[in-house]
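Now for the letters of each chain:
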Amino acid sequence: MKFSCVYVEEAVRDSPRVAMILSRITDTPVVPIERYGEVFNRRSQNFRLQKANPALILAEKYGKLVLPAPAGYGFGDLPGFYFSHMFNCLYDCRYCFLQGMYRSANYVLFTNYEDFADQILSTARGLENPVFYSGYDCDSLALEPVSGFVEYFIPWFAANPDITLELRTKSTQIRNFTGVTPLSNCVIAMSFTPEDCYRRWEHKVPSIQKRIDAMVRLQQAGWSVALRFEPLIYETDFLESYRQLFENLFTRLNSASIHSVSFGEFRMPVGYFKNIAALYPDEALIARSYVQRNNMMMQDETDARTMLRDLESLLFRYISQDKYYYCG
């Protein structure tokens, strides 16, 4: 895994975890900084250009590390929260809101995992079966060979069985899940779009087949896996594209033991959408006709409803309805 350089905050410079991370990155310049914002929040950065050769920033996160999950984000009626140990993603999906949210394409890895764990524990206190979601501002597993994020948190959640962790990802970095006892309170949720969408818009993402292979290995090892079909992007032939994807998935996976399945439509805050349009003025996905509603850019309501209705009908041929939820 290559980075243009590694910036290291003064506050974490001497931590054992930072030493471990630096030992996993060779032949990369290390630059000391006071706070990550002086690099990450600089003006006049170009996300698109920077994405070609990003840096890694090792930092400490302060303040509120655990936040309530957005309405409709998670499964069931359980109390839901999310935490972000990282800003930005190794992948380059053209529909991703992060490229419109941040000025910088550099990766910020917050290395004070113990503080995250402490706030998860304090947030969970007094709640019944709370769920904590990782993967909102990053991919949960893509940087695992460097970060050791799962390496730290799987034993921690094993010691706290009344708290559930969902790791949302497109990554096949699953080595830290093999050879260890699977946790009943950990869900590994893999995101998918159909093959044509993957080829057009999901740059640097592992192939659909490799992701399915990873999920099969996780299931065989006893881990709970979930499917996240998002974003739903309307195409005239969407039903056939998803039929092929579902057939590919459900002939390999044990449907009965899948934890949950969700659909999530394409939608994005207006400001982020405008930023992405400025970065990629020739991108056909961004140039489509969208509807602005409640400060969000969305697809035509009729198309979106038709797509959701038809895909739900198709999905229920493969799974029971009690495993499904709509990510609103």
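That block above? That's the structure.
Residues numbered from 1 in each chain as written. Predicted model: local features only at pLDDT ≥ 70, side-chain atom pairs only at ≥ 80, totals over all residues. Heavy atoms only, no water.

1. Observations regarding the nonpolar core
Okay, so step 1: Residues Leu56, Phe177, Phe192, Leu227 and Phe229 are the most contacted members of the largest nonpolar core, which totals 108 residues.
Okay, so step 2: Setting aside residues no more than four positions away along its own chain, Phe192 makes contact with Ile208, Arg211, Ile212, Met215, Leu227, Arg228, Phe229, Glu230, Leu245 and Leu249.
Okay, so step 3: One finds Tyr73, Phe75, Tyr133 and Tyr325 within the second-largest nonpolar core, a separate group that totals seven residues. (Core = buried A, V, L, I, M, F, W, Y, C linked by side-chain atoms within 4.5 Å. Buried < 20%, exposed > 50% of the residue type's maximum accessible area, 1.4 Å probe, protein only. Contact = heavy atoms within 4.5 Å.)

2. Regarding the environment of Val270
Okay, so step 1: Looking at where Val270 falls in the secondary structure, it is placed in helix H11 (residues 270–279).
Okay, so step 2: Separated by 196 residues in sequence, Val270 and Gly74 have C-alpha atoms that sit 23 Å apart.
Okay, so step 3: If we skip the residues at most four places from it in the chain, Val270 touches Gln292, Asn295, Met296 and Met297. (Helix = DSSP H or I, 4+ residues; strand = E, 2+ residues; numbered from the N terminus.)

3. Description of the sheet that holds strand S10 (residues 164–169)
Okay, so step 1: Pairing in this open sheet of eight strands is mixed, and the strands run S4-S5-S9-S10-S11-S13-S14-S18 from one edge to the other. Edge strands, defined here as strands with exactly one partner in the open sheet, are strand S4 (66–68) and strand S18 (324–326). When the angles between neighbouring strand axes are averaged without regard to direction, this sheet yields 25 degrees.
Okay, so step 2: Both strand S14 (residues 261–265) and S18 contribute to a ladder of three bridges, which runs parallel. Note that in S18 the partner of Ser262 across the bridge is Tyr325.
Okay, so step 3: Against the sheet, helix H7 (residues 149–158) touches strand S5 (80–83), strand S9 (131–134), S10 and strand S11 (186–192), its axis set at about 155 degrees to S10.
Okay, so step 4: Running at roughly 170 degrees to strand S13 (residues 224–232), helix H10 (residues 238–250) makes contact with S11, S13 and S14 of the sheet. (Pairing = 2+ DSSP bridges. Axes fitted to C-alpha atoms, helices over the stretch in contact; angles between N-to-C directions.)

4. Looking at the pattern of salt bridges
Any two side chains of opposite charge can pair, so long as their charged atoms come close to each other.
Okay, so step 1: As enumerated under the stated definition, the model contains 20 salt bridges in all.
Okay, so step 2: Where Asp14 meets Arg13, a salt bridge forms, and the shortest distance between an N and an O atom there is 3.5 Å.
Okay, so step 3: Given the relative accessible area of 64%, Asp14 is considered exposed.
Okay, so step 4: Residue Arg13 is classed as partly exposed on the basis of its relative accessible area, which comes to 46%.
Okay, so step 5: Among the ionic pairs, Glu166 bridges to Arg168, the shortest N-O distance being 2.9 Å. With respect to burial, Glu166 and Arg168 carry one shared label: buried. (Salt bridge = Lys/Arg side-chain N within 4 Å of Asp/Glu carboxyl O.)

5. Notes on the sheet that holds strand S15 (residues 267–269)
Okay, so step 1: Taking strand neighbours across the sheet as the criterion, the three strands line up as S15-S17-S16 in an open arrangement whose pairing is antiparallel. The strands lining the two open edges of the sheet, one partner per strand, are S15 and strand S16 (291–293). Across the sheet, the mean angle from the axis of one strand to that of its neighbour is 30 degrees, orientation sign disregarded.
Okay, so step 2: Of the strand pairs in this sheet, S15 and strand S17 (residues 296–298) are connected by three bridges, and their pairing is antiparallel. Paired with Pro269 across the two strands is Met296, which belongs to S17.
Okay, so step 3: Contacts from H11 reach S15, S16 and S17 within the one sheet, and its direction differs from that of S15 by about 95 degrees.

6. Things to note about H7
Okay, so step 1: Restricting attention to buried positions, one finds in H7 the residues Phe149, Val150, Phe153, Ile154, Trp156 and Phe157. Take H7 and look down its axis: the buried residues cluster within an arc of 165 degrees, on one side only.
Okay, so step 2: Buried residues along H7 sit against S5, helix H5 (113–124), S9, helix H6 (144–147), S10 and S11. (Arc of directions from axis to C-beta.)

7. Observations concerning the pairing of strand S3 (residues 56–59)
Taken residue by residue, a regular strand's side chains alternate between the two faces of the sheet.
Okay, so step 1: Going residue by residue along S3, you find Leu56 and Leu58 tucked away on one face and Ile57 and Ala59 tucked away on the opposite face as well.
Okay, so step 2: Bridge count for strand S1 (residues 6–9) against S3 is three bridges, and the pairing is parallel. Bridge pairing links Val6 to Leu56 in S3.
Okay, so step 3: Looking at chain direction, S3 and strand S8 (residues 107–110) are connected through four bridges and run parallel. Pairing of Leu58 across the sheet is with Leu109, part of S8.

8. A few points about the pairing of S13
Okay, so step 1: Extensive coverage of S13 is indicated by the burial of nine of its nine residues.
Okay, so step 2: Two elements, S11 and S13, share six bridges in a ladder whose sense is parallel. What sits directly across from Phe192, in S13, is Phe229.
Okay, so step 3: Bridge count between S13 and S14: four bridges; the pairing is parallel. The partner of Phe229 across the bridge, within S14, is Phe263.
Okay, so step 4: In terms of handedness, the path from S13 via H10 over to S14 forms a crossover that is right-handed. (Right-handed = clockwise from strand over helix to strand, strands pointing away.)

9. Digging into the packing of aromatic side chains
Okay, so step 1: For the structure on display, the rule yields 39 aromatic pairs.
Okay, so step 2: When the centroid spacing of 5.1 Å and the interplanar angle of 85 degrees are considered together, the rings of Phe177 and Trp223 count as edge-to-face. Of this pair, Phe177 sits in the loop between S10 and S11 while Trp223 sits in the loop between helix H9 (208–220) and S13, placing them 46 residues apart in sequence. Each of the two residues, Phe177 as well as Trp223, counts as buried.
Okay, so step 3: Site record: aromatic cluster; members linked through ring pairs are Phe83, Tyr113, Phe116, Phe149, Tyr152, Phe153, Trp156 and Phe157.
Okay, so step 4: We note Arg94 situated over the ring of Tyr280; from NZ or CZ to the ring centre the distance is 4.0 Å.
Okay, so step 5: The aromatic ring of Trp201 is capped on one face by Arg200, whose charged end is 4.4 Å from the ring centroid. (Phe/Tyr/Trp six-rings, centres within 6.5 Å; stacked < 30°, edge-to-face > 60°. Lys NZ or Arg CZ within 6 Å of the ring centre and 35° of its normal.)

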